[in-house]
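# Close look at the chain arrangement
Residue-level listing of the chains:
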Amino acid sequence: MLCLGIESSCDETAVALVEDGRLVDQVLASQIDIHALFGGIVPELASREHYRHLGALYDTLAARQGLNAGDLDVVAAARGPGLLGCLLVGMSFAKALSLASGASFLGVNHLHAHLLAAGLEQDLPFPMLGLLVSGGHTNLYLVESPSRMRQLGRTIDDAAGEAFDKVAKILGLPYPGGRLIDELGVLGRADPRLFPRPYLNNPTLDFSFSGLKTAVATWLDQHPELREDLKLLKAAEPQSASGAICGLCASFTSAVVDVLRIKTERALEAYPQVNSLVVAGGVAANSALRKSLADLMKQRKGRLVLPSLSLCTDNAAMIAHAAWLLAGEGLSHPLSIEAVPRGRVIPDDFILSRIQSTI
Ligand code: KG4
Ligand code: ZN
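Throughout this description, residue numbers start from 1 for each chain and increase along the sequence as written. As they are written, the chains are lettered A onward and the ligands numbered 1 onward, keeping that order. Local features are withheld for residues below a pLDDT of 70 in this predicted model, meaning they are given only at 70 or higher, and side-chain atom pairs are given and counted only at 80 or more; totals for whole chains, interfaces and linings count all residues. The basis for every side-chain value is the complete set of non-hydrogen atoms in the structure, without hydrogens or water.

### A look at the sheet that holds strand β8 (residues 148-153)
The strand order across the open sheet built from 5 strands is β8-β7-β6-β9-β10, with neighbouring strands paired in mixed fashion. Looking at the sheet topology across the chains shown, the edges are occupied by β8 and β10 (303-305). Direction aside, neighbouring strands of the sheet carry axes that sit 25 degrees apart on average. Pairing of strand β6 (residues 128-133) with strand β9 (residues 276-280) involves 4 bridges; the strand directions are parallel. Counterpart to Gly130 in the pairing with β9 is Val278. Relative to the sheet, helix α9 (residues 243-270) contacts β6, β7 (138-145) and β9, its axis offset from that of β6 by approximately 155 degrees. Whether two strands pair comes down to DSSP finding at least two bridges between them. Helix and strand labels come from DSSP, where a helix needs a run of H or I of at least four residues and a strand needs a run of E of at least two; each type is numbered from the N terminus. The angle between two axes is taken between their N-to-C directions and runs from 0 to 180 degrees, where each axis is a line fitted to C-alpha atoms and a helix contributes only its stretch in contact. In what follows, residue pairs with any heavy atoms lying within 4.5 Å of each other are defined as contacts.

Spelled out as C-alpha cells, the structure:
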C-alpha cells in the first residue's frame, strides 16, 4: 500500500512516501530561520511559507520517485493539533490530491503520528505507555493500537520543549533552543539544588513547567556575572560557554528530565499490564532524557522504544506511516473533515475505507 503523508502543522513543510510501512522518500522545507528572526513562530508567516513550498515539494518527490498521483492508495495530512492556517494548507492539498487521484484520504492526528513514528524502524510493542514531549505538548498516553490512544496526562501550562525554548530566550540563545541547551548541559555538571522539580506533589499524571523558566530567570538575576559569560558564548560553538553556563543548562535539563521520568514511572505503576514505553516529539532527542528513560526501563526490565533523532522532530514520514497503519485497520476519512487547531479535541470520526472494503 502506497501512502503519501503531508506535514504542515507548525514550521516544517514536509512530504513523504511510505510503502507497506517502509519509508521510500521524503522532502522537507524548514522555516526555522525565518521564525528565528522573531524569537518564535509567527503563524501568518508560517502558513504563507507552507503555501509557497508545498506544491514544489510534492513535485520534487513525485519526479524523484517517478510517481503518478494515480499510484497512490492513501493521501494523508496532519489534521491537528497545530496552527489552523498551517494545517489548512496541508489538508486542502491532501484533499485535492485525493479527489484528483482517487486515493483514500486520512486526516492524521499529529501527536499520534509522533508516537507511532518509531514503527518505521522497529516493531511497536502494543500496548505501550507513550510520552510525547514536543514544543507544544507534554502528554502521557496509553497507546493500545494505532487508532486507540487514551490521554492520561498533559501539561497544564508550558510544554517541556517550550520550557527549553523560553529558557534559551532568557539566556539570549537562538530559537529553538532545546538542542543547544542539551549540548551545553552535556558539557556541564547538574546541581540538583539549583532548580525545583515542579508539580510532583499531586496524584495526577499532569505536568507544569512554567515555574521553571521563572526559577532560571531569578537565578540569573542573582548571578549577574553570568551575563558577561553569555555575551562571549557563540551558539555554533558550545565549547565557548563558561562552566557556570553549562552547569546552569545541565541543572535546568535535569529538573525537566527528573519530572518527566518520575511521572512516567508513576504511569507505569498505574498500568501494570504495560511495560513498554515509547518516547516521541522534539524533546525525545534530548540526550539526558534518553539516558534517564533508558535507565528507568532497564530497571523495570521493560522495553524502551526511541525513534532515531531525525524521526523525533516534525516530519512527514510519521504522517505517511501513521496513515499506513490506520488504513491497515480499514480506516479513512471523508473529505468533509476539518483541521483541528491546538486546544480542541480531535474527534474519533474514521470511516471504513474503500481500500479495505475492496480487499
Ligand atoms: O516535535 P517538535 O519538532 O515540534 C513540535 O513542537 O511539534 O519539537 C520541537 C521542540 C522545540 O521546543 C525544541 O527546542 C525541542 O523540541 N528540542 C529539544 C531538543 N531538540 C529539540 N529539547 C531538548 N533537547 C533537545 N536535544
Ligand atoms: Zn510535532
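### Structural notes on the nonpolar core
Buried residues of nine kinds, namely Ala, Val, Leu, Ile, Met, Phe, Trp, Tyr and Cys, make up a nonpolar core once their side-chain atoms join them within 4.5 Å. Accessibility here uses a 1.4 Å probe with only protein chains present; expressed as a share of the type maximum, an area under 20% marks a residue as buried, one over 50% as exposed, and anything in between as partly exposed. Grouped together as the largest cluster of nonpolar side chains are 53 residues, with contacts concentrated most on Leu131, Leu184, Phe209, Phe252 and Val279. Top contributing element to this core by residue count: α9, with 12 residues. In this structure Phe209 touches Thr138, Thr155, Asp157, Asp158, Ala159, Ala160, Ala163, Val256, Val259 and Leu260, once residues within four positions along its chain are discounted.

### Notes on the side chain of His35
Relative to the helices and strands, His35 is located in helix α1 (residues 32-36). Among the residues examined, His35 registers a relative accessible area of 0% and is labelled buried. One polar contact links His35 to Gln31, side chain to side chain, over a distance of 2.7 Å. Ignoring sequence-local partners within four residues, the contact set of His35 consists of Asp11, Gly40, Ile41, Val42, Leu45 and Ala46. Two N or O atoms form a polar contact when they lie within 3.5 Å of each other; inside protein one atom must be a possible hydrogen donor and the other a possible acceptor, and for residues adjacent in sequence the pair counts only when both atoms belong to side chains.

### Some thoughts on the site of ligand 1
Residues in contact with ligand 1 amount to 20 residues; listed here are only the nearest, Gly135, Asp165, Asp182, Gly282 and Asn286. One of the backbone N or O atoms of Gly178 is found 3.0 Å from an oxygen atom in ligand 1. Only the protein chains shown count as cover for residues, and all accessible areas are computed by the Shrake-Rupley method using a 1.4 Å probe. Computed on the free molecule, ligand 1 has an accessible area of 550 Å², of which 87% lies beneath the protein chains in the complex. Every element with two or more residues in the shell around ligand 1 is listed here: α4 (110-116), α5 (160-170) and α6 (178-186). Here a residue is considered near a molecule or strand provided that any single heavy atom belonging to it is located within 4 Å of it.

### What about the coordination of the zinc ion (ligand 2)?
The donor definition counts N, O and S atoms within 2.8 Å of each metal and applies 3.2 Å to Na, K and Ca; water is not among these atoms, so some sites may look incomplete. Those protein atoms acting as donors to the zinc ion (ligand 2) are His110 (NE2), His114 (NE2) and Asp314 (OD), and they sit at 2.0 to 2.1 Å. Every geometry call rests on angle ranges, with four donors termed tetrahedral when all angles are between 85 and 135 degrees, four termed square planar and six termed octahedral when opposite donors are over 155 degrees apart and all others are between 65 and 115, and everything else termed irregular. Metal-centred angles of 91 to 144 degrees between the 4 donor atoms at the zinc ion (ligand 2) mark the site as irregular. When the donor residues of the zinc ion (ligand 2) are listed from N- to C-terminus, their spacing reads H-x3-H-x199-D. Of this pair, His110 sits in helix α4 while Asp314 sits in the loop between α11 (309-312) and α12 (317-328); the two residues are 204 residues apart in sequence, bridging distant segments of the chain. Taking the relative accessible area as the measure of exposure, His110 reaches 6% and is therefore buried.

### Here we look at the environment of Ala76
Mapping Ala76 onto the fold places it in strand β4 (residues 74-80). We classify Ala76 as buried; its relative accessible area is 0%. Non-local contacts of Ala76, meaning those with residues more than four positions away in its chain, are made with Leu4, Gly5, Ile6, Ala94, Leu106, Val108, Ile319 and Ala323.

### Overview of the packing of aromatic side chains
The description of two aromatic rings rests on the distance between their centres and on the angle between their planes. Put simply, two rings from Phe, Tyr or Trp (the six-membered ring, in Trp's case) pair if the centres are within 6.5 Å, and we call them stacked under 30 degrees between planes, edge-to-face over 60, tilted for the rest. Overall, the coordinates contain 4 aromatic pairs when judged by the stated rule. On the numbers, 5.1 Å between centres and 75 degrees between planes, the contact of Phe164 with Phe252 is edge-to-face. Taken together, the positions of Phe164 in helix α5 and Phe252 in helix α9 put the pair 88 residues apart, joining distant regions of the chain. Take Phe164: its relative accessible area is 2%, and that puts it in the buried class. By relative accessible area, which is 0% here, Phe252 ends up buried.

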